[in-house]
Amino acid sequence: MPGVGDRICAVKDVIESLGPVCAVIGAQWGDEGKGKIVDILAEHFDVLARACGGANAGHTIVVNGKKHVFHLLPAGCLHEEKDIVLGSGMVIHLPTLLEEIALLEEQGIGIIDRLYLSSGAHVVLSIHKSIDHFLEEKRKKKMGKGIGTTGRGIGPAYVDKAMRTGMRLETLWESPASIKKILKEHGTMLTALFDVRFDLDRELAEVIAAKKKLERCLIANITDTMSTCLAEAKTILIEGAQGTLLDIDHGTYPYVTSSATTACGALQGLGLPPQVLTSCIGVAKAYCTRVGEGDFLTEGSPTASKRLRKRGGEYGATTGRPRRCGWLHTPHLRYAAILNGFTHWNITKLDVLDEEKSIPVGTGIRNGGKVAYKKLPGWKKKTLGIREYSDLPRHARNFVEFIEEQTGVPVAFIGTGEGREDVIVNHT
Ligand code: IMP
């Protein structure tokens, strides 16, 4: 039986194997549980960064025993001595960011002095949310269904960015009169393109409130900031948002988000060159979930889906929507591993499968388009709270090793419960 000393060594070895710049990337359709591993690893890094996406992401943070859902600040921001960076690839809804900061400040956790906001990140205005709803309704009318967006204005904010008309955080450096002028022109342009209302007074009040609080956090050039961090030997933990299969270029288009969700996307969003990345942890649930529309080849039967949803608490952190639940599909895991260059896996929520008699895992597509399943035996024993790999039931270890064998990537972290300490750190 390994002792506490061995466990400490294993954790230390695994952390050391991550090197100074580590990205944590979702391998599925988001909601893999990235927040927990980021929170666990945060204490070992100096800088915590988010690169892309916006308030469509959501993770639950427990502040003084109370649960809160955060959308923009990275998980791990409770570690008070860490620097927080929000990169140029992000689209930021300013009132949401102010709310998250205020919530932490109410609890005595300061953020402003250690928050660095890329002036190149884009602003999500309220009108972007209205356009998001407007476009979803149009799709529903035309095709019978929408994309199932989170309604946070993400797509329209990235449309604005790609049209080269978007408003960047650098606007907060402008005078209030100039901000008003910029917003007015912007609103006129957007209302001419989309049939939505623009409330200038509201948008202006929101941007001015953000200017007052956040202007001092703006950084002129994210690449300068990040390369200075590296030159000062600071270590960087990058928190990816959403998951690989939701990537705008490589995901299940058009049922994807509007940003790059891969490791390369994260580096781009932070103005970091590819060779600095020393590790990339792929995060996947021991099963699979999806919110919104789009193919889900290994979606479970209604009974299985309901069972997994109940055991896994599978409801969206941002929208509260019930998630569709099903099984792993190893070609997807392999794809995500190759695309992102995963060096380690974090398999989360293993305990959710504790009561399954047998566990179907998709291994490919047969002629005729049906998924080929391998049925792995369930372990029918409690893994909740187990912290040593060797304490896992044999069939649970076989399940984990099947993922390693199918993807060629070692499983370094295994989630065995909700708590921060419910994790197996596996050094092989
Ligand atoms: P959008 O990012 O709000 O435009 O939504 C586009 C698609 O991505 C929808 O299917 C959403 O449900 C999904 N999505 C966006 N963010 C997340 C997330 O953080 N977790 C899971 N799904 C997400």
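These remarks concern the structure in this document. (Residues numbered from 1 in each chain as written. Predicted model: local features only at pLDDT ≥ 70, side-chain atom pairs only at ≥ 80, totals over all residues. Heavy atoms only, no water.)

Broken down by element type, the protein carries 12 helices and 17 strands. The C-alpha atoms of the protein give a radius of gyration of 22 Å, which matches the 22 Å a tight globule of 428 residues would have. Expressed along its principal axes, the backbone C-alpha trace of the protein runs to roughly 70 × 55 × 40 Å. Evaluated residue by residue, the protein yields a buried proportion of 56% over its 428 residues. Expressed as a percentage of contacts within the protein between residues at least 6 apart in sequence, the contacts between residues at least 24 apart total 74%. Summed over its atoms, the accessible surface of the protein is roughly 18,400 Å², and 52% of this surface lies on carbon and sulfur atoms. Averaging the positions of the 54 positive and the 50 negative side-chain charges in the protein gives two centres separated by 7 Å. (Helix = DSSP H or I, 4+ residues; strand = E, 2+ residues; numbered from the N terminus. Rg over C-alpha atoms; globule rule 2.2 N^0.38 Å. Buried < 20%, exposed > 50% of the residue type's maximum accessible area, 1.4 Å probe, protein only. Contact = heavy atoms within 4.5 Å. Areas by Shrake-Rupley, 256 points an atom, 1.4 Å probe, with all protein chains shown as cover. Lys, Arg positive; Asp, Glu negative; His and termini not counted. Charge placed at Lys NZ, Arg CZ, Asp CG, Glu CD.)

Turning to the pattern of salt bridges, a few remarks are in order. Pairs can form between side chains of opposite charge whenever their charged atoms are close. In total, this model carries 23 salt bridges according to the counting rule given. For the salt bridge of Glu 43 with Arg 420, the shortest nitrogen-to-oxygen distance reads 3.8 Å. In this pair, Glu 43 is assigned in the loop between α2 (34-42) and β2 (47-53) and Arg 420 in the loop between β16 (411-415) and β17 (423-425), connecting sequence segments 377 residues apart. Glu 43 gets classed as partly exposed once you look at its relative accessible area, which sits at 44%. With relative accessibility at 37%, the residue Arg 420 sits in the partly exposed group. Salt bridges here are not isolated pairs; linked through shared partners, they connect Asp 31, Lys 285, Glu 314, Arg 323 and Lys 349. (Salt bridge = Lys/Arg side-chain N within 4 Å of Asp/Glu carboxyl O.)

Here strand β5 (residues 83-92) pairs with strand β6 (residues 115-118) via 3 bridges, running parallel. Following the sheet pairing, Val 85 is matched in β6 by Tyr 116. Of the crossover connections in this fold, the one passing from β5 over helix α3 (residues 94-106) to the parallel β6 is right-handed. (Pairing = 2+ DSSP bridges. Right-handed = clockwise from strand over helix to strand, strands pointing away.)

What follows deals with the nonpolar core. Counting residues in hydrophobic clusters, the biggest one holds 62 residues, and the most contacted among them are Leu 73, Leu 115 and Leu 214. Looking at this core, the element that brings in the most residues is helix α7 (residues 200-214), giving 6 residues. In contact with Leu 115, not counting residues within four places along its chain, are Leu 73, Ile 84, Leu 86, Ile 101, Leu 214 and Cys 217. One finds Val 85, Met 226, Ile 238 and Val 409 within the second-largest nonpolar core, a separate group that totals 56 residues. (Core = buried A, V, L, I, M, F, W, Y, C linked by side-chain atoms within 4.5 Å.)

A few words on the site of the ligand. Within the structure, the ligand sits among 15 residues, and Asp 31, Asn 56, Thr 150, Thr 257 and Arg 321 are positioned closest to it. In this structure, an oxygen atom belonging to the ligand sits 2.6 Å away from a side-chain N or O atom of Thr 150. With respect to the ligand, the side chain of Gln 242 contributes an N or O atom lying 3.3 Å from a nitrogen atom. Relative to its free-state accessible area of 470 Å², the ligand is covered by the protein chains to the extent of 96%. Residue composition of the shell around the ligand, grouped by class: 6 nonpolar, 7 polar and 2 charged. (Near = heavy atom within 4 Å. Polar contact = N/O pair within 3.5 Å; in protein donor to acceptor, adjacent residues only side chain to side chain. Nonpolar A, V, L, I, M, F, W, Y, C, P; charged D, E, K, R; others polar.)

To continue, consider the side chain of Thr 416. Among the secondary structure elements, Thr 416 is positioned in the loop between β16 and β17. Among the polar contacts made by the side chain of Thr 416, one reaches the main-chain carbonyl oxygen of Ile 386 at a distance of 2.8 Å. Sequence-distant contacts of Thr 416, that is, excluding residues within four places in its chain, are made with Asp 351, Thr 383, Leu 384, Gly 385, Ile 386, Asp 422, Val 423 and Ile 424.

It is worth spelling out the packing of α3 against α7 at this point. Relative orientation of the contacting elements α3 and α7 amounts to 45 degrees, with a least axis distance of 9 Å. Here α3 is positioned oblique relative to α7, judged by the angle of their axes. In the packing of α3 onto α7, the handedness of the crossing is left-handed. On α7, the residues touching Leu 94, Pro 95, Leu 97, Leu 98, Ile 101 and Glu 105 of α3 are Glu 206, Val 207, Ala 209, Ala 210, Lys 213 and Leu 214. Grouping the amino acids of the contact of α3 with α7 by side-chain chemistry returns 9 nonpolar, no polar and 3 charged. (Axes fitted to C-alpha atoms, helices over the stretch in contact; angles between N-to-C directions. Parallel < 35°, antiparallel > 145°, perpendicular 65-115°, else oblique. Left-handed = near helix turned anticlockwise from the far one by under 90°.)

Enumeration over the complete set of coordinates arrives at 4 cavities of 30 Å³ or more. Of the pockets and cavities examined, the largest cavity occupies roughly 60 Å³. What lines the largest cavity is simply Ala 51, Cys 52, Glu 239, Gly 240, Ala 241, Gln 242, Ser 259, Ala 260, Thr 261, Thr 262, Gly 265 and Ala 266. Of all the secondary structure elements, the ones that give two or more residues to the lining of the largest cavity are β2, β9 (236-243) and α9 (263-270). Per-element accounting of the lining of the largest cavity gives the leading share, 4 residues, to β9. When grouped by side-chain class, the residues that make up the lining of the largest cavity number 5 nonpolar, 6 polar and 1 charged. (1 Å grid on protein atoms, 1.4 Å probe; cavity = no way out; pocket = protein on both sides within 12 Å on 5 of 7 lines; lining within 4 Å. Points joined across faces, edges and corners; volume = space filled by probe spheres on them.)

Here we come to helix α5 (residues 154-162). If you check which residues of α5 are buried, you get Ile 154, Gly 155, Pro 156, Ala 157, Tyr 158 and Asp 160. Residues of α5 that are buried sit in contact with β2, β5, β7 (122-123), α4 (126-143) and α6 (176-193). Arg 164, located one to two residues past α5, shows a positive phi value of around 65 degrees.

Here the focus is the environment of Ile 236. Inspection of the secondary structure assignment puts Ile 236 in strand β9. Residue classification places Ile 236 among the buried positions, given a relative accessible area of 0%. For the pair Ile 236 and Pro 20, spaced 216 residues apart in sequence, the C-alpha to C-alpha distance is 6.2 Å. Setting aside anything within four residues of it in sequence, one finds Ile 236 in contact with Pro 20, Val 21, Cys 22, Phe 45, Val 47, Met 226, Cys 229 and Leu 230.

Inspection of the secondary structure puts Asp 132 in helix α4. Within the buried core, Asp 132 has no salt-bridge partner, and the shortest N-O distance to an opposite charge, that of Arg 139, equals 5.2 Å. A distance of 3.3 Å separates a polar side-chain atom of Asp 132 from the backbone nitrogen of Arg 152. Among all residues touching Asp 132, those that are not within four sequence positions of it are Thr 149, Gly 151, Arg 152, Gly 153, Ile 154 and Pro 156.

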